[in-house]
Amino acid sequence: MESDTAAAGAGSATGTGMDFDFSNFDLRLATELLVALAIGLLIGLEREWRKQDDEDHHKIGIRTFGLMGLLGGLSGALHDTLGPWLAPATLLGLALLLVNDRRSQGKSGLFALTEDMTTLVAALVTFLLGVLATTGAIELAVACAVIVVALLYLKPTLHGLVSKLTEAELKATVRFLVISLVILPVLPDRGYGPYEAFNPRSTWLLVVMISAMSFIGYFAIRALGAAMGVLATGLFGGLVSSTATTISFAKLAGENRQQGKVFAAGAILANAIMALRVLVLSFVLAPPLAFALALPLGLAAATSIGFVGFLWFSTRHIKIAGEEMTVANPFELSQAIKFALFLTVIQILERFLSDKFGDAGLYVLAAIAGLADLDAITLSVARDTPGDANLTSAIIAILLAVASSALVKSIIVARAGGAFARWSIAAMIMMVAAAGLGAGLQQIYL
């Protein structure tokens, strides 16, 4: 009995004085509060560094931001104990305290406060991210903190990009946001028309995807300009439109025949990117088809890149005399609608010809469609290829479209003549041959 009492007393002593009792320590809560503090310190680090440039040492810095992050974490942690009103009330009090602090320094008035508006908003965001870290979304809170720091740090870069943005580019950007974030979510997700081939949402999603790829290429060219030369134009122009890029290079080569090899390298690179773009589109909609196309299209792209490397190495000493590629605006609503209609027609024709004539009808359609738009037939075939289907007919259809597209471009470059035409046509012939070889090897060994 005495030993039991002694043991109990020892346990009590251990819990109250001699050692720390870890049984009541909430490790998860402690981690969340540390993360909330770290978020504040991270954002405060950028603000503290920015104070050196502004030479305003009265602005709140790393210590205050750290405390605001921790304050948000405590508000979230005490939500269940003190009630849901704690965090909103603390946020309101913090906002009033920040505004009053700026006014106490002689910066009263709305227009004066806008000078520090970014810091004030960042402070409130820091508090809310601290709350978020202790209410079950710790990973999201950390990710948002990194984005906040990036936005704060990239202020000069973002302002510079906006100052260079033209009115046409701004309109195109707004229209793209409308079709992707406003129109797309409200479209019905069901089939209409013959064979139920027209699905408004999925068709428009493809329009958004193609437009996004065009935007990437367009603004990359816009940002890099002539500084990266012909290869940058060929690389990013292939994302926008390999046909349009080939036409642009053909025009430049026709006016500067002595630089034909240089422009041929850019045109060939654009077509290599086109082959890789087909792979990406196929992978998004039908991964098994993309894996089946990887060997033929990979060989085609590798062959083209080999041509580019040889041409660029042999002409690296040649400088382009002030030529600069221009790329049309990447997005017009009328073009998006035309693409959607063209894609719908291709889908209906594909179902009809495949139903009536089998694979032969699909091959004829692919060859014809490739003359106009390679993306449309690629998307149509990929969408209608189930994961367990025989991929042979889909592979042949897409490769026929690639071959017909190469034929059109060969006719375009032939009109420019000279070294540009010779090297570009040779590269396209070898590209198609490599794709055919890859398809043959795949059928034999795989």
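Preceding block: the structure.
Residues numbered from 1 in each chain as written. Predicted model: local features only at pLDDT ≥ 70, side-chain atom pairs only at ≥ 80, totals over all residues. Heavy atoms only, no water.

Got a minute to help me understand the overall build of the protein chain in this structure?
What the protein chain contains, in helices and strands, is 20 helices and zero strands. Here the protein chain holds 446 residues, and 42% of them are scored as buried. Residue pairs at least 24 apart in sequence account for 74% of intrachain contacts in the protein chain once pairs closer than 6 positions are excluded. When the accessible surface of the protein chain is summed, it comes to about 23,500 Å², and 68% of that surface belongs to carbon and sulfur atoms. (Helix = DSSP H or I, 4+ residues; strand = E, 2+ residues; numbered from the N terminus. Buried < 20%, exposed > 50% of the residue type's maximum accessible area, 1.4 Å probe, protein only. Contact = heavy atoms within 4.5 Å. Areas by Shrake-Rupley, 256 points an atom, 1.4 Å probe, with all protein chains shown as cover.)

What am I meant to see in the pattern of salt bridges here?
Opposite charge on two side chains permits them to pair, given that their charged atoms come into close proximity. A full pass over the atoms with the stated rule returns two salt bridges. With a closest N to O distance of 3.2 Å, glutamate 32 and arginine 28 form a salt bridge. Placement of both glutamate 32 and arginine 28 in helix 2 (residues 27-54) is noted, with a separation of four residues, approximately one turn of the helix. Since its relative accessible area comes to 7%, glutamate 32 is described here as buried. The partner of glutamate 46 in a salt bridge is arginine 47, and the shortest N-O contact between them spans 2.8 Å. Comparing glutamate 46 with arginine 47 shows no difference in burial state: the two are buried. (Salt bridge = Lys/Arg side-chain N within 4 Å of Asp/Glu carboxyl O.)

I tried to follow the side chain of arginine 47 on my own but got confused; where do I start?
Here arginine 47 shows up in helix 2. Residue classification places arginine 47 among the buried residues on the basis of a relative accessible area of 9%. A polar side-chain atom of arginine 47 sits 3.0 Å from a polar atom in the side chain of threonine 119. Once residues lying within four places of it in the same chain are set aside, the contact partners of arginine 47 are Ile60, Phe65, Thr118, Thr119 and Leu152. (Polar contact = N/O pair within 3.5 Å; in protein donor to acceptor, adjacent residues only side chain to side chain.)

Can you help me understand the packing of aromatic side chains in this one?
Enumeration according to the criterion identifies four aromatic pairs in this entry. Measuring from ring centre to ring centre gives 6.0 Å for phenylalanine 283 and phenylalanine 291, while their planes differ by 90°; the resulting arrangement is edge-to-face. With a centroid separation of 5.5 Å and 40° between ring planes, the pair formed by phenylalanine 310 and tryptophan 423 is classed as tilted. Of the two residues, phenylalanine 310 sits in helix 15 (residues 287-314) while tryptophan 423 sits in helix 20 (residues 418-445), which places them 113 residues apart along the sequence. (Phe/Tyr/Trp six-rings, centres within 6.5 Å; stacked < 30°, edge-to-face > 60°.)

Any chance you could explain the packing of helix 8 (residues 138-153) against helix 9 (residues 155-164) here in plain terms?
Between two packed helices, the angle of one axis relative to the other and the distance separating the axes together describe the packing. Two elements in contact, helix 8 and helix 9, have axes separated by 5 Å at closest approach and are oriented at 65°. On helix 9, the residues that touch Leu151, Leu152 and Tyr153 of helix 8 are Lys155, Pro156 and Leu158. Each residue belonging to the contact of helix 8 with helix 9 can be placed in one class, and the counts come to five nonpolar, no polar and one charged. (Axes fitted to C-alpha atoms, helices over the stretch in contact; angles between N-to-C directions. Nonpolar A, V, L, I, M, F, W, Y, C, P; charged D, E, K, R; others polar.)

What should I look at first to understand the environment of leucine 400 in this one?
Take leucine 400: it is sitting in helix 19 (residues 392-414). Note on leucine 400: relative accessible area 32%, which makes it partly exposed. In sequence terms leucine 400 and alanine 367 are 33 residues apart; their C-alpha atoms lie 5.4 Å from each other. What leucine 400 contacts, discounting residues up to four positions off in sequence, is Tyr363 and Ala367.

Just checking my understanding: could you explain helix 8 for this structure?
The terminal C-alpha atoms of helix 8, which comprises 16 residues, lie 23 Å apart, in line with the 22 Å expected from a rise of 1.5 Å per residue. Among all positions in helix 8, only Ile138, Ala141, Ala145, Val148, Val149 and Leu152 are buried. Taken down its axis, helix 8 places every buried residue within 95° of arc, on the same side. Set apart from the buried face of helix 8 by more than 90 degrees, the exposed residues are Glu139, Ile147 and Leu151. (Expected span 1.5 Å × (residues − 1). Arc of directions from axis to C-beta.)

Just to check I follow, could you spell out helix 10 (residues 167-186) for this structure?
For the α-helix, the turn length of 3.6 residues means that residues three or four positions removed from each other point alike. Between its first and last C-alpha atoms helix 10 spans 28 Å; for 20 residues at 1.5 Å apiece the expected length is 28 Å, and the two agree. The sharpest bend along helix 10 comes to roughly 30°, located at valine 178. Listed in full, the buried residues belonging to helix 10 are Glu169, Ala172, Phe176, Ile179, Ser180 and Leu184. (Bend = angle between axes of the 7 residues up to and from the residue.)

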